[in-house]
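Examining the three-dimensional arrangement
Here is what each chain is made of, one letter per residue.
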Amino acid sequence: MEDRVESKSGASGKKKKWMIALLILLLLLIAAGISIFSARRKNGEISGGQLGYESGAVTVSDADELQRLVDGMIEQAKDGTMALEYKNTATSSDGKNFACYIANSVKNKYDMYLGVYSDVTLKEELFLTKLLKPGTGIEKFETVRKLEPGSYEAVLVFTQVKDDHETIQSQASVTCTLIVAE
C-alpha cells in the first residue's frame, strides 16, 4: 500500500492561483458595474443598449504580469472602498413619502449621493438625493411618482464622488423593499 503525500507548496500554489483568478474576476465585475453606472449617469443611457469593449483592457501573457496587475488592482481598490449604511426597507402610508434610514457612513472618505430606482435597469428613477457628507444621511424621501399600496423591490444606488463633485469615485447597488400600506 502506497501513501500519497502532496507537497504543501504545490497545494498552496494551486490555491493561490485560484484566489488570484477569483480576485481578478471580482475586480473585473466591479469595474464593469462602475463603467455601466458612469455611462448611464453621463448619457442617461448606454448608447444603443450595448456595451463597447474596454479601452484599458490588457492581455495577460505570464504569471508575473498577472500578479503585477492584481497587485495594482488591489492598490486601486483600497482607495475605492465604500461602507454601506442603510435599512433594507422603506415604508409609506401614502405611496409618495417614505420613512427610511440611508446614510453615507462615517467610515467613508468621499461625499456621495443616493438614488432609488424601480428596478435593476435603473431606467426609472424614483428618488435622488443631493450630496451627503460622510456621517450624514436621510430618514425620509419623496418619490417622483405615487406608488400604489403593496410591496416593491427597488434598487438603491450609493455613488461616491471625488472632491470635484463631478467625477465618480465608486458605486455600489443593493436591493431594497418599498412598502406602501393599504
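Everything numeric in this text was worked out from a predicted model, so none of it was measured.

1. Points about the overall build of the protein
Each helix and strand counted, the protein has two helices and eight strands in total. Shown N-terminal to C-terminal, the secondary structure of the protein runs as helices and strands in the order α-α-β-β-β-β-β-β-β-β. In the protein, which comprises 182 residues, the proportion classed as buried is 29%. Residue pairs at least 24 apart in sequence account for 64% of intrachain contacts in the protein once pairs closer than 6 positions are excluded.

2. Remarks on the packing of aromatic side chains
Evaluated as defined, the whole model comprises three aromatic pairs. Measuring from ring centre to ring centre gives 5.6 Å for tyrosine 86 and phenylalanine 158, while their planes differ by 55°; the resulting arrangement is tilted. Note that tyrosine 86 is positioned in strand E1 (residues 84-86) and phenylalanine 158 in strand E7 (residues 150-161), a separation of 72 residues in sequence. What makes tyrosine 86 partly exposed here is its relative accessible area of 29%.

3. What to know about unusual backbone geometry
The phi torsion at leucine 122 lies on the positive side, around 60°, for a residue other than glycine. One can find leucine 122 in the loop between strand E4 (111-117) and strand E5 (125-128). For leucine 122, a relative accessible area of 13% puts it in the buried group. Of note in the backbone geometry, histidine 165 takes a positive phi value of approximately 60° without being a glycine. Tracing the backbone through its elements, the reader meets histidine 165 in the loop between E7 and strand E8 (168-180). By relative accessible area, histidine 165 is classed as partly exposed at 43%.

4. Looking at the nonpolar core
Within the largest apolar cluster, 21 residues are counted, with the highest numbers of intra-cluster contacts made by Leu114, Val116, Ile138, Phe141, Leu156, Phe158 and Leu178. Taken together, the elements giving at least two residues each to this core come down to strand E3 (97-104), E4, E5, strand E6 (136-142), E7 and E8. With four residues, E8 is the single largest residue contributor to this core. Once you skip the residues sitting within four places of it in the chain, phenylalanine 141 turns out to touch Ala90, Lys96, Asn97, Phe98, Cys100, Val116, Phe127 and Leu178.

5. With respect to the state of the cysteines
Inspection of the entire model under this criterion finds zero disulfides. Considering cysteine sulfurs only, cysteine 176 is the nearest to cysteine 100, which forms no disulfide, with 9.2 Å between them.

6. Quick notes on the side chain of glutamine 171
Considering the arrangement of structural elements, one finds glutamine 171 in strand E8. Looking at glutamine 171, the relative accessible area reads 12%, which means it is buried. Among the polar contacts listed, one links the side chain of glutamine 171 to the side chain of threonine 159, at a separation of 2.8 Å.

Thresholds applied
Every residue gets a number counted from 1 within its own chain, in the order that chain's sequence is written. Local features in this predicted model are restricted to residues whose pLDDT is 70 or higher, and side-chain atom pairs enter the listing and the counts only when it is 80 or higher, whereas totals over whole chains, interfaces and linings include all residues. Here the side-chain values reflect all heavy atoms present in the structure, with hydrogen atoms and water set aside. Secondary structure elements follow DSSP: runs of H or I no shorter than four residues count as helices, runs of E no shorter than two count as strands, and numbering proceeds from the N terminus. Three exposure classes are used, based on accessible area relative to the maximum for each residue type with a 1.4 Å probe and protein chains only: buried under 20%, partly exposed in between, and exposed over 50%. By the convention used here, residues are in contact when the closest approach between their heavy atoms is within 4.5 Å. Here a pair means two rings of Phe, Tyr or Trp (six-membered ring of Trp) with centres within 6.5 Å. Their orientation is stacked below 30 degrees between planes, edge-to-face above 60, and tilted elsewhere. Among buried residues, those of type Ala, Val, Leu, Ile, Met, Phe, Trp, Tyr and Cys that are joined through side-chain atoms within 4.5 Å constitute a nonpolar core. Cysteine sulfur atoms are paired as a disulfide whenever they fall within 2.5 Å. Counted as a polar contact is a pair of N or O atoms within 3.5 Å, where, for protein atoms, one must be capable of donating a hydrogen and the other of accepting one, and residues adjacent in sequence contribute only when both atoms are in side chains.

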